[in-house]
Amino acid sequence: VQLQAFGGGLVQTGGSLRLSCAASGGIFSVNSMAWYRQALGKQRELAARITSSGSAKYADSVKARFTISRDNAKNTVYLQMNSLKPEDTAVYYCNLDGWRAGGGFFASWGQGTQVTVSS
């Protein structure tokens, strides 16, 4: 299963970006979809996760500013990021897990997309 992430870039403080991540390659169903982020010199951390039923969970640092959503028909997860702050600067990675069409579980990471917020 391959994941392709899009949407990173450079934005000023207070701006918005929308990330997307599409999965392909013999997928039967996707369970959890999530966005992690890793700032320079720091550990990777969970930003947001959404379950197959649509229940979302957010890191305290992004609550009320970020919104995670999913399109099950397209095996795609989105992250709408508003009111961006310099501390949101990081490489953002999508992570999906689920079941392969031919059987078996998968858990895959996207390639990462850079988000830079200037002050």
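Because the structure is predicted, anything quoted here is derived from the model rather than measured.

Quick look at the pairing of strand S9 (residues 90-100) now. Note on strand geometry: in a regular strand, side chains alternate between the two faces of the sheet. For S9, the buried fraction is high: eight of the 11 residues fall into the buried class. One ladder, built from nine bridges, connects strand S4 (residues 27-38) with S9; its direction is antiparallel. Each residue of the ladder has a partner; that of isoleucine 27, found in S9, is arginine 100. With five bridges connecting them, S9 and strand S10 (residues 105-109) associate as antiparallel partners. Bridging across to S10, leucine 96 finds its partner in serine 108. Between S9 and S10, which pair antiparallel in sequence order, lie four residues; one of them, glycine 103, sits at a positive phi of approximately 100°.

Describing an aromatic ring pair means giving the distance of the ring centres and the angle of the ring planes. By the definition in use, this model includes three aromatic pairs. Relative to phenylalanine 105, the ring of tryptophan 99 lies with its centre 5.3 Å away and its plane at 75°, an arrangement referred to as edge-to-face. For tryptophan 99, a relative accessible area of 42% puts it in the partly exposed group. Cluster of aromatic residues (ring-pair linked, three or more members): Tyr36, Tyr93 and Trp109. A cation over an aromatic ring shows up here: arginine 18 above the ring of tyrosine 78, its NZ or CZ 4.1 Å from the ring centre. The positively charged end of arginine 44 is found above the aromatic ring belonging to tryptophan 109, 4.7 Å away from the centroid.

As enumerated under the stated definition, the model contains four salt bridges in all. Ionic pairing is found between arginine 37 and aspartate 88, a salt bridge with its closest N-O pair at 2.9 Å. With arginine 37 in strand S4 and aspartate 88 in the loop between strand S8 (76-81) and S9, this residue pair connects regions lying 51 residues apart in the sequence. In this structure, arginine 37 and aspartate 88 share a single accessibility class: buried. In this structure, arginine 65 and aspartate 88 form a salt bridge, with 2.7 Å as the shortest nitrogen-oxygen distance. Here aspartate 88 lies in the loop between S8 and S9 and arginine 65 lies in the loop between strand S6 (56-58) and strand S7 (66-71), a separation of 23 residues in the sequence. A residue is classified by how much of its surface remains accessible, and arginine 65, at 10% relative accessible area, is buried.

Calculation notes
Residues numbered from 1 in each chain as written. Predicted model: local features only at pLDDT ≥ 70, side-chain atom pairs only at ≥ 80, totals over all residues. Heavy atoms only, no water. Buried < 20%, exposed > 50% of the residue type's maximum accessible area, 1.4 Å probe, protein only. Helix = DSSP H or I, 4+ residues; strand = E, 2+ residues; numbered from the N terminus. Pairing = 2+ DSSP bridges. Phe/Tyr/Trp six-rings, centres within 6.5 Å; stacked < 30°, edge-to-face > 60°. Lys NZ or Arg CZ within 6 Å of the ring centre and 35° of its normal. Salt bridge = Lys/Arg side-chain N within 4 Å of Asp/Glu carboxyl O.

Interpretation in functional terms is not warranted from these geometric data alone.
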